[in-house]
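Tertiary structure, described
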Amino acid sequence: MKKNYTKAVFTGLLLLAFITNMNAQEYKRNAKDNRYTSPAAIEPITGYLPSFSPVMEGGMKDSFYARYELVRHYGQTFGAKSKNKKQSNEKGVSINEISGSLKLQVFEDKFSATEMRNAKDELHGIVKLKLNNKAESLLVENWEMESFVKGVPETRFIENGSWENDLLIVKSKNTKKKQHTENRLIANWSLLSILSSGKLRTSDAFVFDMLENSICFPNQRIMYEGVIEVPISGGTMKLDSYAQIGWGRVPTHYLVDSDGRVQLITGETVSWALKELINS
Amino acid sequence: MKIKKILLFAICILFVTAVFAQSEERPNIIFIHVDQMHWQAVSAYGNKYVKTPGIDKMVKDGYSFRTHYSANPVCSPARASWFTGRVTSEHGLAINGHRLPSDLPDLGSWLKDNGDYVTAAAGKWHVTGRDQSDGFKLISTYGESKGELFDAQTARACVGFLENYAGDKPFFLTAGFVNPHDCCYTSGAQGGEAKFEFANQIKRDLPPLPENFWSYKGKSRNEKANKEKEDYFKFYIYMYYKYMEMVDAEVGRLYDALMSSKFKDNTMVIFSSDHGDGLGFHGWSSKSKMEDEAWRVPLIIVPPGKMQNESEDWDHPSIGVDLTATICDYAKVPLLPKMTIGKSLKPIVEGQEVDDWHTYIVGESWQGNGGAKVGIRDKQYKSIIYVSGKVLVYDMINDPLETKDLANYKTGEKVLKRHKKYLKDYLDKITIYTPSEEKSNSTKKPKKTKKVFKTINEFYNQVKTEW
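Description of the structure in this document. (Residues numbered from 1 in each chain as written. Chains lettered and ligands numbered in written order. Predicted model: local features only at pLDDT ≥ 70, side-chain atom pairs only at ≥ 80, totals over all residues. Heavy atoms only, no water.)

This part covers the overall build of chain B. Scanning chain B from terminus to terminus reveals 13 helices and 16 strands. Within chain B, counting contacts between residues at least 6 apart in sequence, those at least 24 apart form 70% of the total. (Helix = DSSP H or I, 4+ residues; strand = E, 2+ residues; numbered from the N terminus. Contact = heavy atoms within 4.5 Å.)

Written out as structure tokens, the structure reads:
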């Protein structure tokens, strides 16, 4: 009897140890899986996020200056120890690198933006945009775009554009192009103010044509996807997630904090992270 | 009276000189190339799941060669063939990572030296071992292949070039776009499924799978229905088309700028891709195979002054090195040295009868799935012959999706016999590169190059002696 009792207790202890170990392993696996987040929105920047410190002051309503870093994504870690100390040793973490910047000055219904994309051979691409929206509506009225590659003067050109009665007209020194639009035309960087306002926090998709550096990307939809919790430097952060899909665009997510700051914009290999925000 | 005669004589001389000068005028040439584009990923060709208004304009204005194939369905070997005019077993850059021998001229230096062209380059090059700045003025290059990151810059740099160019000489501009190659980062080859989980939100937008999704090497796959794989590939195809549209926006920007510029009437545009992509056909993605999804590529030629008759040609099978010969022909320069296979497509574009066109074309692929192999294509049939001995034969007219392997049927046996003759004929024309000819500084990976060329030599020697 006593022998059987001892055997039962011993078996029970073994079983308990096994279950505890399983739970520990399960917990460990969950921790790696980053259970707090929606992977689709942050998948391209999982290697960057642990170093990301959100901007906690300022707002994106009316007038502001914002600086974003371009976070590029080129594959994922395979789990082996990397020579690059900045890369994660875990499997399936995005390999990210800062590879450019955006400086955006918004003054109510107009903005100016300077975007730079860094090239390894130093031939960095630079685009400067000055854009006027129609008052209040944030629909495009007219703009001037200057584009050049750093150090290569023969690449520099300026385009002027306007949008009226569903007709887009783009002119440069030697060229002129007309294009009919299908929906309201909104510039890509004007979306930050629109998202910041919270107006798109509905179940209805927001449909528009998007103007990006003088090119019209028709039939875009932005859908509100709810709140996600994102791992960042020193903890996690809850952000509203909006997803954009449409012609010529990879699924793009805008992650907006409770004060309306668009903290992160993720594409596939190109994403943007807010680094500075000043209200003027 | 005498003065009148002298004046008349002078006018005649001027007239003849003007006519002569006109005939010698060389057109500008813009070579627009993309990376990993499936030959059917164009809305103007009837694809309902992608919209490519930019490329559609070129289709409308130009001449589409619908039976065009890459010299080698892998990036660097294919590009080296474009720029040297030699097939991959000739030029020595047989697989990605090899380096082009330094003694071969490329189109950049060739057009400069022989046609007095101004040569400029933007975007992707990827002819490893060759410094592109030797033959081109680099206006916007990056040293890497990322489309979402750099394609817009490539287009804008080219538009800037068109805005600013004021020289007297003709120009040759190579515009190397990367997308839809970014599909490699979304899934598959280089790791990362990126936004695959987003597929649920766009279920209604996901395109269907190709009809031959469950067919492989001429037979049905013995796999149970695998919903996860199917869903994954639907999202992959969706994303691929997004990258396709993304690059189309930039190609369209460049083409629009050209067509509203002062160069529109004296510029020839040529559009192609280095290789295709699996795109779910035969249930796979990526490159290097000789099935049509990877080997076959788009080719559009818009001659100077445009055509505007949306011409399509299905009757003249052509190969990547024909593109080089076509550029040389339009540029009025001789073919590059030791070009053995390439023929100019210009006479076909101009509606001339061409009696000596390729009866067959041969493509080579010395890396990737299934190992080294060659593809042989005539008007109706295609054979794929692996170095390992495996052989596939397809009827491309009656079975364009390559679902039924005819190798063990009488028809297939006849085709194979004929194609083996073609391959021997092809080998009689070319001179296979031997790594021993390499100069010491021409390659960093001599062992790897030697190994691959050992395989090529052994295989081709076997063809010559035993077939």
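Right, let's talk about the interface of chain B and chain A for a bit. Contact with chain B, which involves 52 residues of that partner, is made by 60 residues of chain A. Between chain B and chain A the total buried area reaches about 4,500 Å² when both faces are included, carbon and sulfur atoms providing 55% of it. Of all residues in chain B, the largest losses of buried area upon contact with chain A belong to R156, E163 and K195 of chain B, amounting jointly to 17% of the total for that side. Where chain B packs against chain A, one counts four salt bridges. Counting every contact that joins chain B to chain A gives 27 residue pairs in polar contact (both at pLDDT 80 or more). If you list the elements that add at least two residues to the side of chain B that touches chain A, you get β5 (137-140), α6 (147-164), α7 (183-186) and α8 (227-259) of chain B. Considering only residue class, the side of chain B that touches chain A consists of 20 nonpolar, 13 polar and 19 charged. (Buried area = accessible area lost by both parts, 1.4 Å probe. Salt bridge = Lys/Arg side-chain N within 4 Å of Asp/Glu carboxyl O. Polar contact = N/O pair within 3.5 Å; in protein donor to acceptor, adjacent residues only side chain to side chain. Nonpolar A, V, L, I, M, F, W, Y, C, P; charged D, E, K, R; others polar.)

Grouped burial of nonpolar side chains is what soluble globular proteins tend to show. Residues Y68 of chain A together with I55 and M58 of chain B are the most contacted members of the largest nonpolar core, which totals 124 residues. Here the element with the most residues in this core is α8 of chain B; it accounts for 20 residues. In contact with Y68 of chain A, not counting residues within four places along its chain, are M60, G100, S101, L102, L192, V262, Q263, I265, W272, A273, L274 and K275 of chain A. Grouped together as the second largest cluster of nonpolar side chains are 43 residues, Y360, I432, F453 and Y460 of chain B included. (Core = buried A, V, L, I, M, F, W, Y, C linked by side-chain atoms within 4.5 Å. Buried < 20%, exposed > 50% of the residue type's maximum accessible area, 1.4 Å probe, protein only.)

All names here are of chain B. Mapped onto the elements of the fold, D56 is located in helix α2 (residues 53-61). It turns out D56 is buried and unbridged, and the closest side chain with the opposite charge, K57, is 9.5 Å from it. For D56, the side chain forms a polar contact with the main-chain nitrogen of A44, separated by 2.9 Å. Contact partners of D56, with chain neighbours within four places excluded, come to V42, S43 and A44. (Lys, Arg positive; Asp, Glu negative; His and termini not counted.)

Applying the stated rule across the entire model yields zero disulfides over all chains. Sulfur of C183 of chain B: no disulfide; nearest cysteine sulfur belongs to C184 of chain B and is 4.4 Å away. (Disulfide = S-S within 2.5 Å.)

Here the focus is the sheet that holds strand β11 (residues 311-313) of chain B. Residues and elements named next belong to chain B. With respect to topology, eight strands assemble into an open sheet ordered β5-β4-β6-β1-β9-β10-β2-β11, the strand pairing being mixed. Among the strands making up the open sheet, the edge pair consists of β5 and β11. Direction aside, neighbouring strands of the sheet carry axes that sit 15° apart on average. Direction of pairing for strand β2 (residues 63-65) relative to β11: parallel, over a ladder of three bridges. From the neighbouring strand, F65 faces β11, where its bridge partner is D313. (Pairing = 2+ DSSP bridges. Axes fitted to C-alpha atoms, helices over the stretch in contact; angles between N-to-C directions.)

This brings us to the sheet that holds strand β13 (residues 361-365) of chain B. All names here are of chain B. Here four strands make up an open sheet; going across it, the order is β13-β14-β15-β16 and the pairing antiparallel. Of all strands in the sheet, those bounded by a partner on one side alone are β13 and β16 (391-395). On average, adjacent strands in this sheet sit at an angle of 15° to one another, irrespective of strand direction. Summarising the sheet, β13 and strand β14 (residues 373-377) pair through five bridges and their orientation is antiparallel.

Residue and element names in this part refer to chain B. Between the first and last C-alpha of α8 there are 46 Å, a value that for 33 residues agrees with the 48 Å anticipated at 1.5 Å per step. By the criterion of burial, α8 is predominantly enclosed, with 29 of the 33 residues buried. Two or three places before E228, at the start of α8, stands the capping residue N226, its side-chain oxygen 3.2 Å from that residue's backbone nitrogen. (Expected span 1.5 Å × (residues − 1).)

What follows is about the packing of aromatic side chains. According to the stated counting rule, one finds 33 aromatic pairs over all chains in the structure shown. Geometrically, the ring pair formed by Y48 of chain A and F52 of chain A is tilted, given 5.9 Å between the ring centres and 40° between the ring planes. Taking relative accessible area as the criterion, F52 of chain A reaches 0% and is therefore assigned buried. Measuring from centroid to centroid gives 5.7 Å for F196 of chain B and F235 of chain B, while their planes differ by 65°, and the two rings are edge-to-face. One end of the pair, F196 of chain B, is in the loop between α7 and β7 (215-216); the other, F235 of chain B, is in helix α8, with 39 residues separating them in the sequence. Exposure class is identical for F196 of chain B and F235 of chain B. Each is buried. An aromatic cluster is defined as three or more aromatic residues linked by ring pairs; in this entry it consists of F196, F213, W214, Y232, F233, F235, Y236 and Y238 of chain B. A cation over an aromatic ring shows up here: K404 of chain B above the ring of Y409 of chain B, its NZ or CZ 4.8 Å from the ring centre. The side chain of K420 of chain B reaches across the aromatic face of W467 of chain B, ending 4.7 Å from its centre. (Phe/Tyr/Trp six-rings, centres within 6.5 Å; stacked < 30°, edge-to-face > 60°. Lys NZ or Arg CZ within 6 Å of the ring centre and 35° of its normal.)

Bringing the side chain of S64 of chain B into the picture now. All names here are of chain B. Here S64 lies in strand β2. Side-chain polar atoms of S64 contact the side chain of Y45, separated by 2.6 Å. Excluding residues that lie within four positions of it along the chain, S64 makes contacts with Y45, V59, L299, I300, S311, E312 and D313.

Inspection of the entire model under this criterion finds six cavities of 30 Å³ or more. Roughly 470 Å³ of internal volume is contained in the largest cavity. R117, E212, R249 and W272 of chain A together with E148 of chain B are, among the 31 residues lining the largest cavity, the residues nearest its centre. Listing elements by their share of the lining of the largest cavity, those giving two or more residues are β3 (110-117), β10 (206-212), β11 (215-232), β13 (249-256), β14 (262-266) and β15 (270-278) of chain A together with α6 and α8 of chain B. In terms of residue count, the dominant contributor to the lining of the largest cavity is α6 of chain B (seven residues). Grouping the amino acids of the lining of the largest cavity by side-chain chemistry returns 13 nonpolar, nine polar and nine charged. Roughly 170 Å³ of internal volume is contained in the second largest cavity. Forming the boundary of the second largest cavity are 16 residues, of which E159, V170 and K177 of chain A together with R253 and D256 of chain B lie nearest the centre. (1 Å grid on protein atoms, 1.4 Å probe; cavity = no way out; pocket = protein on both sides within 12 Å on 5 of 7 lines; lining within 4 Å. Points joined across faces, edges and corners; volume = space filled by probe spheres on them.)

Residues and elements named next belong to chain A. Summarising the sheet, β3 and strand β4 (residues 125-133) pair through eight bridges and their orientation is antiparallel. Residue pairing across strands places E115 opposite V127, the latter belonging to β4. Bridge count between β4 and strand β5 (residues 140-149): nine bridges; the pairing is antiparallel. The partner of N133 across the bridge, within β5, is V140.

Residues and elements named next belong to chain B. Applying the stated criterion to the full structure yields 30 salt bridges over all chains. In this structure, the salt-bridge partner of D356 is K343, at a minimum N-O distance of 3.9 Å. One end of the pair, D356, is in the loop between α11 (346-349) and β13; the other, K343, is in the loop between α10 (320-331) and α11, and 13 residues separate them in sequence. Given a relative accessible area of 27%, K343 falls into the partly exposed group. Here the salt bridges do not stand alone but share partners, grouping D35, R79, K124 and D274 into one network.

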